[in-house]
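Geometric and topological summary
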Amino acid sequence: MAEKNVVSTGSTGEARPANGFDYAPAPESRSIVDIKASYGLFVNGEFVDGGGKAFKTINPATEEVLAEVAEADAADVDAAVKAARRAYDRVWSKLSGRERAKYLYRIARIIQERSRELAVLESIDNGKPIKESRDVDVPIVAAHFFYYAGWADKLEYSGYGGGNPQPLGVAGQVIPWNFPLLMLAWKIAPALACGNTVVLKPAETTPLTALLFAEICQQADLPAGVVNIITGAGETGRALVSHPDVDKVAFTGSTEVGKAIARAVAGTNKKLTLELGGKAANIVFDDAPIDQAVEGIVDGIFFNQGHVCCAGSRLLVQESIAEELLGRLKRRMSTLRVGDPLDKNTDIGAINSAEQLERIRELSAVGDAEGAERWSPPCELPQHGFWFPPTIFTGVSQAHRIAREEIFGPVLSVLTFRTPAEAVEKANNTPYGLSAGVWTDKGSRILKIANELRAGVVWANTFNKFDPTSPFGGYKESGHGREGGRHGLEGYLR
Amino acid sequence: MLGLMASSPTTDAPPTGARGQGWDYSDVTRSEATLRRFLHGLPGVDQVGADARAAALGTRSIKTTAKAFAIDLAIRMVDLTTLEGADTAGKVRALASKAMRPDPSDPTCPATAAVCVYPDMVATARRTLGTSGVHVAAVATAFPSGRAALDIKLADTRDAVEAGADEIDMVIDRGAFLSGRYLQVFEEIVAVREACARPNGPSAHLKVIFETGELQTYDNVRRASWLAMMAGGHFIKTSTGKVQPAATLPVTMIMLEAVRDFREATGQMVGVKPAGGIRTSKDAIKYLVIVNEVAGTDWLDPDWFRFGASTLLNDLLMQRTKMRTGRYSGPDYFTLD
Amino acid sequence: MTRIDVRKTYKLYIGGAFPRSESGHSYPVHDSLGAFVANASLASRKDARDAVSAARKAFPGWSGRTAYNRAQILYRVAEVMEDRRPQFLEAVRQFEGLSAARAEKTVDEAIDRLVWYAGWADKITQVVGNANPVAGPFFNLSTPEPTGVVAVLAPQASSLLGLVHVVAPAVVTGNTAVVVSSFERPLPAVTFAEVLATSDVPGGVVNILTGSATTIGPWLASHMDVNGIDLTGVAGDSELATALEVAAADNLKRVRRAPAAEPDWTLDPGTAAMTAFLETKTVWHPIGV
């Protein structure tokens, strides 16, 4: 084999462009969405003015103001809860499960019918790539309504409520900005299926798809007051969860706010579910399917700009393959396309808000200051809007703040380990316990590690997979209760 | 970075940090045992993850200038193929003419990379193609099953080379591979490569066909890729086109990972050829996206990536015309060969 | 001449040992008619802290045992209780003021309930776990796992049966427990601890503190290494219950809220006492070749 395979077959003389295969812009059309200049609150089946000071929601990719949105004050919250109570007493609790199911199926269908519109609107308001809103968020939203629709008339088989489960009443639900519509579905679908009515507050930076969902409720002829959407910030949320006529509080968001809510509902009969922060370990053993592990790491931390509570933000890699794995990871990161969320080829979109961008910058600066080594692939960030490049920190130890605190951005901390026991110990060495990943081709090791990880979701040889049938939720300070699957019913039944 | 995990149970893995260095793998291939240890020490491929990655790359949206670039590149990468029992000299001449001038109405349309025929048709193809630059590729070694004695396979190869083949597409002995006789497969590839030598001219280039539809697992595809690369294949090729499934996106992706990693380890570049089942421009573009993002731009060249196809070419031409004229074209406007 | 009996010193049960309170404090315990019976150790916050350490240390081993093994150990506890039946009968008569017949019923119920819970060890996973049919090539399984260290404020009135009703469900699933006994009726809990100590229950799995839920409860509720808290023992004291629930939010403990009044312990408790301190872990794995 003296001859090296470097001889050109010389089939053509044409030169390749110096920059190779440049993908031309492939923007998804914005014309499908109709954003109004201002939005009211959706209470008792109608859009009404809010008593608070209206606020603006912006496109984080451009900083363009999209709309003005009403802020619900305490009186508005009260009106919404009253509407929900009335709908519960007069209509929804009297409806058979079979009839409730049909409303939920209708909603699922309308979501499918208007899926592209929802996806585009989600990307505009949130900054996430259209690829994700189109292929992940919105399809799972529809699936979630489909799944729970089917439960509505089968609750006596759920195992909850001693064979005769009953709804709780009015659910007050507060959701975050990272998956605005998906979190809405996770909250509303099981609540309605179980016979509750809801008052839901979307995050102040991403209210638009929830307000479009309100229109979908109208199209579905959902009885007035069964779903109420109130917009606002922390104060509105506080008023909702502490409202005395709310029977159930469901919250997804930061651990700090989750604790405040847990204190607020203490001593009441309110049932509480909390989906909070995380600092998930993604453990890669030396016998991992390496190329898929690299994909899993990338999905784990760069999916949705890292604005994911279950993000695999701590890579724990076996020391013997650390160098090779990092080389592959960096090469892969160099192919990530950061930019216009509406471009169909964008992998990483905009950071959701100036505030979040500031936090990511701040914690990254702490990483630098603590002596970790920062690396990002060369990438041009747009002039306007909020952007942060995909970033990894190597040389991180458990003592670093970037290994302990949730950054909630596209920033990965890389740590190494030597033995399975050390990997588990480091993985569990956190107050959080939402998710974890483990990569190895050895089956018995997967089962052992999965057993030992103190986390509510363990992805083995995969990461960041979601499904309506699969319960999701954390151990320890990552929250209480589960959403999704049969388990997701428990929080809405007595 | 290296193509091998440091945890590989063999000590034959290339040393860490040997990026682009000429890694001497003769120790690996010196015995059945060492070769097996090496191949089985390659990192596993998780099928679901690999499928998902290939599918995700398939959702890239290639428009306007990028699409025009991709279509012309794809045409230049086609090994225009006829491998039928009913092949005649007339059929092969027509095919060769089309390979040189795929769109007679448009002189800017590039030629294909090669025509691919059975060995007995090589001379005919060679005469028609002349000095056009379009290569003649011949399937040899008892294609497609490979079920013949080694000397017959070698004679088949030499015949094709003598008749003027620039490229030989051989099939591996899948039976030997699946029963774990890796060294036999290796030695056969080495022997065929030697048979590609031309006494008074450049050797024919060797493409090694795995028939991935028969190997079934991606682990096998990865092992076959390394085995063929170490044996000196210039190209690794998915399929004969006679077995379903033929080329698929994930299988091609696994092979592109292998050539990428092999170059990292040895400095040697090997080409990849998916063959069979690629019929539309849309499919071809998905393959090019995978080449671009998995192996890198160096492979975006007919020297390093080919499509084994027949009907694909007309679809590429129709799309090309659509790009040029702005209206959809129809099959009546392209030659059927 | 009547023999002078040898009286027992009632101590705490921490990490499998029977220490006195580190504070050196004790308090007098009276029977239902108000007559002095004995001095019980008055557990301090430091005893609570030590008990949490012992429970944490015992957690990996206990939760790592097979469910079958935990079932056998809890069944063994019932066996040894049965052996000591006369002693428990006397204790509940003495402290709860029960008639002989009611005392028998209570002790029988306590032993039988323990047997019932023992049997749950290897069934709860099957009843509350799930195989989830996700829309993709993935194996997906949800299984219950113990929360960790659970603080248990045991009922004040029902000093034995109520105690079994809160301790057994917490530990049968693999949690370890720090139990604060009934304040006024602590001695059956100490006898129960002696049963545990002779029933193959590993040290630290159940730790029993005699003393006041009002003083120790807040330390356990705010302890950052406690994962869950059962407030049954403060039933009726909504102010204290609320304060404890607020403190529990510091590390988001799983809280089993206090009922308005102590329930009828002879009723079927269902699975709620177990599921209150179970986590659901969902494991995904691709299905491929």
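**Quick notes on the overall build of chain A**
In terms of regular secondary structure, chain A is built from 13 helices and 18 strands. In terms of overall dimensions, chain A has a C-alpha envelope of 85 × 50 × 45 Å along the principal axes. Of all 494 residues assigned to chain A, the portion counted as buried reaches 65%. Considering only intrachain contacts with a sequence separation of at least 6, the fraction spanning at least 24 residues in chain A is 76%. Split by element, the accessible area of chain A, about 16,800 Å² in all, is 50% carbon and sulfur.

**Observations regarding the pattern of salt bridges**
Once the charged atoms of two side chains with opposite charge are near each other, the side chains can pair. Counting across every chain of the model gives 69 salt bridges over all chains. Among the salt bridges present, the one from Lys-207 of chain B reaches Asp-79 of chain B, with a minimum N-O distance of 3.0 Å. Of the two residues, Lys-207 of chain B is situated in strand E5 (residues 205–209) and Asp-79 of chain B in strand E1 (residues 78–81); the sequence distance between them amounts to 128 residues. Residue classification places Lys-207 of chain B among the buried positions, given a relative accessible area of 1%. You can call Asp-79 of chain B buried: its relative accessible area is 0%. Through salt bridges with shared partners, a single ionic network connects Asp-291, Glu-324, Arg-328 and Arg-331 of chain A together with Arg-222, Glu-257, Arg-260, Asp-261 and Glu-264 of chain B.

**Things to note about the sheet that holds strand E10 (residues 278–286) of chain C**
On the basis of which strands lie adjacent, the open sheet formed by 10 strands has the order E13(A)-E14(A)-E15(A)-E12(A)-E11(A)-E16(A)-E17(A)-E10(C)-E4(C)-E3(C) and mixed pairing. Since the sheet does not close on itself, it has two edges, and those belong to strand E13 (373–375) of chain A together with strand E3 (130–131) of chain C, each with one partner. One ladder, built from 9 bridges, connects strand E4 (residues 138–146) of chain C with E10 of chain C; its direction is antiparallel. Directly across from Ser-142 of chain C, in E10 of chain C, lies its bridge partner Thr-282 of chain C.

**Overview of the interface of chain C and chain A**
Listed per partner, the contact involves 37 residues of chain C and 44 residues of chain A. Here chain C and chain A share an interface that buries about 2,900 Å² over both sides, 49% of which is from carbon and sulfur atoms. Between Asp-250 of chain C and Arg-263 of chain A there is a salt bridge, with its nearest N and O atoms 3.0 Å apart. Secondary structure elements with two or more residues in the side of chain C that touches chain A: helix H5 (124–128), E4, helix H9 (238–248) and E10 of chain C. Of the residues assigned to the side of chain C that touches chain A, the class counts are 15 nonpolar, 14 polar and 8 charged.

**Regarding the pairing of strand E10 (residues 271–275) of chain A**
All names here are of chain A. Burial runs high along E10: 4 of the 5 residues are buried. In this structure, strand E9 (residues 248–252) lies alongside E10, joined through 5 bridges in parallel fashion. Its bridge partner lying in E10, Thr-252 is registered against Glu-275. Each parallel crossover has a hand, and for E9 linked through helix H8 (residues 255–265) to E10 it is right-handed. Of the strand pairs in this sheet, E10 and strand E18 (residues 479–480) are connected by 2 bridges, and their pairing is antiparallel. Residue Glu-275 lies in a different strand from E18, and its bridge partner there is Gly-479.

**Details of the pairing of E5 of chain B**
Working note: regular strand, side chains alternate between the two faces of the sheet. All names here are of chain B. With 5 of 5 residues buried, E5 lies mostly within the body of the structure. Burial along E5 is two-sided: the residues His-205, Lys-207 and Ile-209 and Leu-206 and Val-208 are all buried. Inspection of the sheet shows E5 paired to strand E6 (residues 235–237) by 3 bridges, in the parallel sense. Following the sheet pairing, Ile-209 is matched in E6 by Lys-237.

**Structural notes on helix H11 (residues 249–266) of chain B**
Residue and element names in this part refer to chain B. In this model H11 runs 25 Å from its N-terminal to its C-terminal C-alpha over 18 residues, within 8% of the 26 Å that 1.5 Å per residue would give. Burial analysis of H11 places 17 of its 18 residues in the buried class, which makes it a mostly covered element. Near the N-terminus of H11, the side chain that reaches the backbone nitrogen of Val-251, with its oxygen 3.2 Å away, is that of Thr-248. One or two residues past the end of H11 sits Gly-267, with phi positive at roughly 80°.

**Considerations on the packing of aromatic side chains**
As enumerated under the stated definition, the model contains 30 aromatic pairs over all chains in all. In this structure an aromatic cluster arises from ring pairing among Trp-186, Trp-459, Phe-463, Phe-466 and Phe-472 of chain A. Of note, Arg-45 of chain C hangs over the ring of Trp-219 of chain C, and the distance from its end group to the ring centre comes to 5.0 Å. Positioned above the aromatic ring of Trp-116 of chain C, the side-chain terminus of Arg-113 of chain C is 4.7 Å from the ring centre.

**Re the sheet that holds strand E4 (residues 55–59) of chain A**
Strand-to-strand pairing in sheets goes through backbone hydrogen bonds, with the strands running parallel or antiparallel. All names here are of chain A. Pairing is mixed in the open sheet, where 3 strands are placed in the order E1-E5-E4. Because the sheet does not close on itself, it has two edges, and the strands there are strand E1 (38–39) and E4. In the sheet, E1 pairs with strand E5 (residues 64–69) via 2 bridges, with the strands oriented parallel. Paired with Tyr-39 across the strands is Val-69, a residue of E5.

**Details of a nonpolar patch on the surface**
A surface patch of nonpolar side chains, amounting to about 280 Å² of accessible area, comprises Phe-139, Leu-141 and Ile-287 of chain C. Residue Leu-141 of chain C is classed as partly exposed on the basis of its relative accessible area, which comes to 32%.

**Examining the state of the cysteines**
All names here are of chain A. Evaluated as defined, the whole model comprises 0 disulfides over all chains. Free cysteine Cys-217: the closest other cysteine sulfur is in Cys-194, separated by 17 Å. Here Cys-309 is not disulfide-linked; the sulfur of Cys-310 is the nearest cysteine sulfur, at 4.8 Å. Among the residues examined, Cys-309 registers a relative accessible area of 13% and is labelled buried.

**Digging into unusual backbone geometry**
Pro-144 of chain B follows Phe-143 of chain B through a cis peptide bond whose omega is 0°. Residue Pro-245 of chain B is bonded to the preceding Gln-244 of chain B through a cis peptide linkage, with omega at -5°. If you check the backbone angles, Phe-408 of chain A has positive phi at about 60° while not being a glycine. On the secondary structure map, Phe-408 of chain A appears in the loop between strand E14 (391–394) and strand E15 (411–417). Residues other than glycine seldom take positive phi values, yet Thr-141 of chain B does so here, at roughly 60°.

**Description of helix H5 (residues 122–129) of chain B**
In an α-helix, one full turn covers 3.6 residues, which means residues spaced three or four apart are oriented alike. Residues and elements named next belong to chain B. Every buried residue of H5 is accounted for by Val-122, Thr-124, Ala-125 and Leu-129. Within H5, the buried residues cover an arc of 165° as seen down the axis, which keeps them to one side. Residues of H5 that are buried make contact with helix H4 (89–100), strand E2 (114–117), strand E3 (135–139) and helix H6 (150–162). Once H5 ends, the next one or two residues include Gly-130, with phi positive near 50°.

**Structural notes on the side chain of Thr-147 of chain C**
In this fold, Thr-147 of chain C is placed in the loop between E4 and strand E5 (149–153). Overall, Thr-147 of chain C belongs to the buried group, its relative accessible area being 3%. Here the side chain of Thr-147 of chain C touches Phe-277 of chain C through a polar contact of 3.1 Å, landing on its backbone oxygen. Here Glu-279 of chain C takes part through its side chain, which lies 3.1 Å from a polar atom of the side chain of Thr-147 of chain C. If near-sequence neighbours (up to four positions away) are discounted, Thr-147 of chain C is found in contact with Arg-454 of chain A together with Asn-175, Asn-227, Gly-228, Arg-254, Phe-277, Leu-278 and Glu-279 of chain C.

**Examining the confidence of the model for chain A**
Averaged over all residues, the pLDDT of chain A equals 95, while 96% of them reach at least 70. Across residues 1–18 of chain A, where pLDDT falls below 50, the model places 43 contacts with residues more than four positions away in sequence or in other chains.

How each quantity is defined
- Residues numbered from 1 in each chain as written.
- Chains lettered and ligands numbered in written order.
- Predicted model: local features only at pLDDT ≥ 70, side-chain atom pairs only at ≥ 80, totals over all residues.
- Heavy atoms only, no water.
- Helix = DSSP H or I, 4+ residues; strand = E, 2+ residues; numbered from the N terminus.
- Buried < 20%, exposed > 50% of the residue type's maximum accessible area, 1.4 Å probe, protein only.
- Contact = heavy atoms within 4.5 Å.
- Areas by Shrake-Rupley, 256 points an atom, 1.4 Å probe, with all protein chains shown as cover.
- Salt bridge = Lys/Arg side-chain N within 4 Å of Asp/Glu carboxyl O.
- Pairing = 2+ DSSP bridges.
- Buried area = accessible area lost by both parts, 1.4 Å probe.
- Nonpolar A, V, L, I, M, F, W, Y, C, P; charged D, E, K, R; others polar.
- Right-handed = clockwise from strand over helix to strand, strands pointing away.
- Expected span 1.5 Å × (residues − 1).
- Polar contact = N/O pair within 3.5 Å; in protein donor to acceptor, adjacent residues only side chain to side chain.
- Phe/Tyr/Trp six-rings, centres within 6.5 Å; stacked < 30°, edge-to-face > 60°.
- Lys NZ or Arg CZ within 6 Å of the ring centre and 35° of its normal.
- Patch = residues over 30% accessible without salt bridge, like charges linked within 9 Å, V, L, I, M, F, W, Y side chains within 5 Å.
- Disulfide = S-S within 2.5 Å.
- Arc of directions from axis to C-beta.
- pLDDT = per-residue confidence, 0-100.

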